[in-house]
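Chain and residue survey
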Amino acid sequence: MTPITKSLYLQFLRCQNAFHLIRDGVVQKPSTASFGGYLEWGDYLSLCRSQFPNTPIVEKSQNREESFLESEGYIKQQMSHFGSHLRFQNFVCSVELIEYDKERDGWILWDFRPIGSIKQDILRSFFFYKKIAEGMGLRVLGFKLIRIQTKFVYKGGPILPEEFLLIDDLTARMESESGTREEEWNSFQEVEKEAEGKSVLYSFLETKPSCRSLKTCLSPSHCAKGRESAKEIFEYRDSSELAKQWFASGYNSYESVPDTELSPIQKIQKEAHRTGEVHFNKETLSEYLSNVTKRVAFLDFESINPYLPIYPETKPFQHIPYLYSLHIWDQETDTLTHKTYMHEDIGTDPRSAVLFHLQKDLPRGITIFSFNDFFEKLIIQESANVVPEYLEFWESVKSMFIDLALPFKKLWVYHPGQNGKASLKEILPCFSQESHFGLTIREGQDANYQYLRLIKKQVTAEEKKRVLEDLIAYCKLDSYGLFLIYRMLQERLSVI
């Protein structure tokens, strides 16, 4: 039988159908790898392990049996060790550290997570570890977590673990929530027993599966057999559990849901999909764009947000800009100008240079469009706080920003090709010939990862040149896409 790992157990708690589909080999397990996370993991793990000097490590091996046997040897000797491989019956797990408490003759289970807050999956993971450890006859005394102090401000030099790391003793919380954790475990055991020796029935409408939307379903052909196309009703904005009720009622398309059950913005979606025509609220959009200057700018930043700070005066997870693309359009002369800055001096803090060039490239007193402009404004503000000579520049531009995502979030504009989504990647192909599909880098997370690779020196000189070009091309299309969308809005306003 396929061993049940922690990730499989957590998958069960998210969606029972997905658990069975993955375990039976019907579908592949979804990738949980985050862009760039592994680039920092080794350094973070070293910081955590530095708190326990002279503790042996069970290294990950292609031969997992060797890891299990090595862990068993340390446990028999009552020795604390990193990377402990535990197994009981058909359950297996790897625990970052199991610490032996000689005075109390028991074990403390540790987890190391590069996160700022404690989520349910961490508690569920600890419970899974506990069940396996106790099944092996170990006496589990407590649970401790090492995570990141998000208020930590890096001052340069080596990161000091005592300032950067937080240690949470979760023993009391695990005890207080033991009832919930036991209910989850018992439900898992019951489903496993029911499924033993017979095929599992898949149905999206069963009460036990916890999946909420066919949009994220791993295999609609199993979970909604014969009604796979009905997933479009889950694309209605703000539908949530309501869409599941619609599905149960037999609705299988935008058009099939009665108007009486729809909100005003959902009715806009339905009409657009019924007619195939773009919804355009001229009155609201005219007011939204009423104070736009004749010359306008379209700005997009790319940034990294490492959890291990790299530059002085930065915090964990803080976004640090290294690239911007700026398109400036003079509406009266129909002239479009492009400016960009890429910080190629990889070993230095890019913020001062980014602000220097942006101040030079961005004309004062003109409207600045960004998509979800909170991000762009935060980038400039936080950078200027560290380089105070640009605070005046920040003050002069912060009131000139307009969020170009707003009309699409509010459904003042809606194209049926958006399928309920409101991201720039979804909107741009609906209103232009441009698309991110043909780019090497297609999303912000990947851009973040690629620049972090350069910093970590994980590329050759030839590859570095290509990566820089790909990053510039990606960022340029974002700001150019904003221009295309804005011009489309202006053209429609002038003809409607």
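The rules behind these values
- Residues numbered from 1 in each chain as written.
- Predicted model: local features only at pLDDT ≥ 70, side-chain atom pairs only at ≥ 80, totals over all residues.
- Heavy atoms only, no water.
- Helix = DSSP H or I, 4+ residues; strand = E, 2+ residues; numbered from the N terminus.
- Buried < 20%, exposed > 50% of the residue type's maximum accessible area, 1.4 Å probe, protein only.
- Contact = heavy atoms within 4.5 Å.
- Areas by Shrake-Rupley, 256 points an atom, 1.4 Å probe, with all protein chains shown as cover.
- Lys, Arg positive; Asp, Glu negative; His and termini not counted.
- Charge placed at Lys NZ, Arg CZ, Asp CG, Glu CD.
- Salt bridge = Lys/Arg side-chain N within 4 Å of Asp/Glu carboxyl O.
- Pairing = 2+ DSSP bridges.
- Axes fitted to C-alpha atoms, helices over the stretch in contact; angles between N-to-C directions.
- Phe/Tyr/Trp six-rings, centres within 6.5 Å; stacked < 30°, edge-to-face > 60°.
- Lys NZ or Arg CZ within 6 Å of the ring centre and 35° of its normal.

1. Considerations on the overall build of the protein chain
Looking only at helices and strands, one finds 19 helices and twelve strands in the protein chain. Overall, the C-alpha framework of the protein chain stretches about 80 × 60 × 45 Å when taken along its three principal axes. Considering the protein chain as a whole, with its 496 residues, one finds that 50% of them fall into the buried category. For the protein chain, restricting intrachain contacts to residue pairs at least 6 apart in sequence, the fraction spanning at least 24 positions comes to 67%. Carbon and sulfur atoms make up 48% of the accessible area of the protein chain, which totals about 24300 Å². Within the protein chain, one finds 60 positive and 69 negative side-chain charges whose respective centroids are separated by 2 Å.

2. Some words on the pattern of salt bridges
Per the counting criterion, the structure on display carries 27 salt bridges. Put simply, Asp 121 and Arg 14 hold a salt bridge, and the shortest N to O gap is 3.1 Å. On the criterion of sequence distance, the pair formed by Asp 121 in helix α5 (residues 120-135) and Arg 14 in helix α1 (residues 6-14) is long-range, its members being 107 residues apart. By relative accessible area, Asp 121 is classed as partly exposed at 26%. Where Glu 463 meets Arg 453, a salt bridge forms, and the shortest distance between an N and an O atom there is 2.8 Å. Highlighted residues: Glu 463 in helix α19 (residues 461-495) and Arg 453 in helix α18 (residues 444-455), separated in sequence by ten residues. Look at Arg 453 and you get buried, because its relative accessible area is 10%. Here the residues in one salt-bridge network are Arg 14, Asp 121, Arg 124, Arg 173, Glu 177, Arg 181 and Glu 184, joined through shared partners.

3. A closer look at the sheet that holds strand β4 (residues 140-148)
Within the open sheet, the five strands sit side by side as β1-β2-β3-β4-β5. Their pairing is mixed. For this open sheet the edge positions go to β1 (81-88) and β5 (165-169), each flanked by a neighbour on one side alone. Neighbour to neighbour, the strand axes of the sheet diverge by 40° on average, direction disregarded. As judged from the five bridges shared by strand β2 (residues 91-101) and strand β3 (residues 106-112), these two strands associate in the antiparallel manner. What sits directly across from Leu 97, in β3, is Trp 110. Taken strand by strand, helix α4 (residues 64-76) contacts β1, β2 and β3, and its axis lies near 105° from that of β1. Together, β1, β2, β3 and β4 form the strand contacts of α5, whose direction differs from that of β2 by roughly 85°.

4. A word on the side chain of Asp 478
On the secondary structure map, Asp 478 appears in helix α19. Owing to a relative accessible area of 4%, Asp 478 belongs among the buried residues under this scheme. Residues in contact with Asp 478, not counting those within four places in the same chain, are Asp 300, Glu 302, Leu 424, Lys 425 and His 436.

5. Section: unusual backbone geometry
Comment: phi is negative for the bulk of residues other than glycine, and the bulk of peptide bonds are trans. Its identity as a non-glycine residue notwithstanding, Gln 78 has a phi of 55°, on the positive side. Inspection of the secondary structure assignment puts Gln 78 in the loop between α4 and β1. For Phe 317, which is not glycine, the phi torsion reads 70° and is therefore positive. The class of Phe 317 is partly exposed, set by a relative accessible area of 28%.

6. Some remarks on the sheet that holds strand β8 (residues 320-330)
Strands in a sheet are paired, the pairing made by backbone hydrogen bonds, and the direction either parallel or antiparallel. Pairing within the open sheet is mixed, and its five strands lie in the order β9-β8-β7-β10-β11. Here the strands that pair on one side only, and so sit at the sheet edges, are β9 (335-342) and β11 (401-403). Recorded for the sheet is a direction-independent mean angle of 25° between the axes of neighbouring strands. Of the strand pairs in this sheet, strand β7 (residues 295-304) and strand β10 (residues 367-370) are connected by three bridges, and their pairing is parallel. Looking across to β10, one finds that Phe 298 is bridged to Phe 369. Contacting β7, β8, β10 and β11, helix α14 (residues 373-386) crosses the sheet at an angle of about 70° to β7. Along the sheet, α18 contacts β7, β8 and β9; its crossing angle with β7, the most-contacted strand, is approximately 55°.

7. Concerning the packing of aromatic side chains
Aromatic ring pairs: the centre-centre distance and the angle between the two ring planes describe each pair. By the definition in use, this model includes 37 aromatic pairs. Here the aromatic rings of Tyr 9 and Phe 188 are separated by 5.2 Å at their centres, their planes lie at 85°, and the arrangement is edge-to-face. Here Tyr 9, found in helix α1, pairs with Phe 188, found in helix α8 (residues 178-195); they are 179 residues apart in sequence, far enough to count as distant. Accessibility classification places Tyr 9 together with Phe 188 in one group, the buried group. In textbook terms, an aromatic cluster arises when at least three aromatic residues are bridged by ring pairs, as seen for Tyr 9, Phe 12, Phe 19, Phe 91, Phe 127, Phe 128, Trp 185 and Phe 188. Here the guanidinium or amino end of Arg 442 rests over the ring plane of Phe 437, the centre of that ring lying 4.8 Å away.

8. Topic: the side chain of Ser 253
Its location among the elements puts Ser 253 in the loop between α10 (241-248) and α11 (264-275). The class of Ser 253 is buried, set by a relative accessible area of 16%.

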